[in-house]
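Overview (structure and organization)
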Amino acid sequence: MFSEDCAPNRTVLVLTLGGTIAMTRTAAASGVTPTLTGSDLVGAVPGLQGIAEVTVEDFRRLPGASLTTGDIVSLVERLSRAIRDGFDGVVVTQGTDTLEETSYLTDLYYQGAMPVVFTGAMRNAASAGADGPANLLAAVQTAGSAEARDAGVLVVLGNEIHAARHVRKMHTTSPGAFGSPNTGPLGQVVEGSVRLHRLPKPIAPLRLPVGALPQVEIVTASLGSSGRLLKGLENEVSGLVVAAFGVGHVPESWCSRLEALAAAMPVVLASRIGVGPVLTSTYGFAGSESDLLARGLVGAGTLDPYKARLFLAALLAADTPRAEIAKAFLNRS
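Figured I'd write up the structure that's included with this text.

Calculation notes
Residues numbered from 1 in each chain as written. Predicted model: local features only at pLDDT ≥ 70, side-chain atom pairs only at ≥ 80, totals over all residues. Heavy atoms only, no water. Pairing = 2+ DSSP bridges. Helix = DSSP H or I, 4+ residues; strand = E, 2+ residues; numbered from the N terminus. Axes fitted to C-alpha atoms, helices over the stretch in contact; angles between N-to-C directions. Contact = heavy atoms within 4.5 Å. Parallel < 35°, antiparallel > 145°, perpendicular 65-115°, else oblique. Left-handed = near helix turned anticlockwise from the far one by under 90°. Nonpolar A, V, L, I, M, F, W, Y, C, P; charged D, E, K, R; others polar. Buried < 20%, exposed > 50% of the residue type's maximum accessible area, 1.4 Å probe, protein only.

Description of the sheet that holds strand β5 (residues 89-93)
Strand order in the open sheet made by the 8 strands is β4-β1-β5-β6-β7-β8-β11-β12, with mixed pairing throughout. With one partner strand each, in any of the chains shown, β4 (53-62) and β12 (193-196) form the two edges of the open sheet. Here the average twist between neighbouring strands, direction ignored, is 25°. By the bridge criterion, 4 bridges tie strand β7 (residues 153-157) to strand β8 (residues 160-163) in an arrangement that is antiparallel. Bridged to V155 within β8 is H162. Lying on the sheet, helix α2 (residues 69-84) is in contact with β1 (11-18), β4, β5 and β6 (116-119); it crosses β4 at an angle near 165°.

Focus on the packing of helix α7 (residues 305-317) against helix α8 (residues 322-332)
Running from N to C, α7 and α8 point in directions that differ by 135°, and their axes come no closer than 11 Å. The pairing of α7 with α8 is recorded here as oblique in orientation. The chirality of how α7 crosses α8 is right-handed. Counted together, A308, F311, L312, L315 and L316 of α7 and I325, A328, F329 and R332 of α8 form the full contact between these two elements. Across the contact of α7 with α8, the residue classes tally to 8 nonpolar, no polar and 1 charged.

So, the environment of A138
Inspection of the secondary structure assignment puts A138 in helix α4 (residues 132-143). Residue A138 is classed as buried on the basis of its relative accessible area, which comes to 1%. Taking the C-alpha atoms as reference points, A138 and V117, 21 residues apart in sequence, are found 9.7 Å from one another. In this structure A138 touches V156, N159 and V189, once residues within four positions along its chain are discounted.

Thoughts on the sheet that holds strand β16 (residues 298-299)
Read across the sheet, 4 strands follow the order β13-β14-β15-β16 without closing on themselves; strand pairing throughout is parallel. The two strands at the open ends of the sheet, each matched to only one other strand, are β13 (216-220) and β16. Pairing analysis gives 5 bridges linking β13 to strand β14 (residues 239-244), with the strands arranged parallel. Across the sheet, the residue bridging to V219 is V242, located in β14. Where α7 meets the sheet, it contacts β13, β14 and β15 (267-271), and its direction lies at approximately 150° from that of β13.

What follows is the structure in structure tokens.
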């Protein structure tokens, strides 16, 4: 699928949340901090106003690490208003620390056909070769594209277009830090035109929560770990994700504690590797994937631990019956 340049009469709303893309140095801090407004960001992109009619709103001004699930629920509500206001697309700028999680949580709830595109920067605005302006330009071009309608929430960095449900941050500093290792990108932005090779399959959105999302935590398996962090979690959290070894394995010493936890709340079995699926029936030793599933754990499929955590919290907030949670994970993989 191919689109011509975004038409100037297209209307795109840019919602800024902060992050590296909005960071510069100030005399008050030893390092860069979020100081730039949305107008500052848009003003730094040559030719942007000739691509679409851009409206800017400073929604938050925080490092990506300080955003909360509540911020993202409020963002989804703002997207609904943007649809009613008649915008052709929305771009969200934010820090890359949590971009793979915030975009995914938005994708779980977003119900519109209007393109929603997340972007950010790996290099701050004061650094040589800052990538924020180019990423913002490509994001606006994608958000204003008719081809991006009904594509779910997208992530655009380095001229690559990714589905929020598959994208991951895979490097701490590289401008090419984001990829979709299980599927590859959906397309690219080439010479200002959006080229989509495919679209993700449609998935029904979840009901937006009324209050805060239930607390779900991740416990990671590591060599020689005692599993002590599992003790007492049934009194502290509403759900748990286990970031297991390989295809879904944990130390044998974890088994009885995980079985007890799974009787008290949903416990999801994901892989700490983050690429590839959790298996169901290949291995049979104590602590293997088949043993843990038989003890009541729920397989995460291809979801990495971070996305599995958000999906489980969203399911719990929607009062999803325990029997339906495993089926939901299977359908989302």
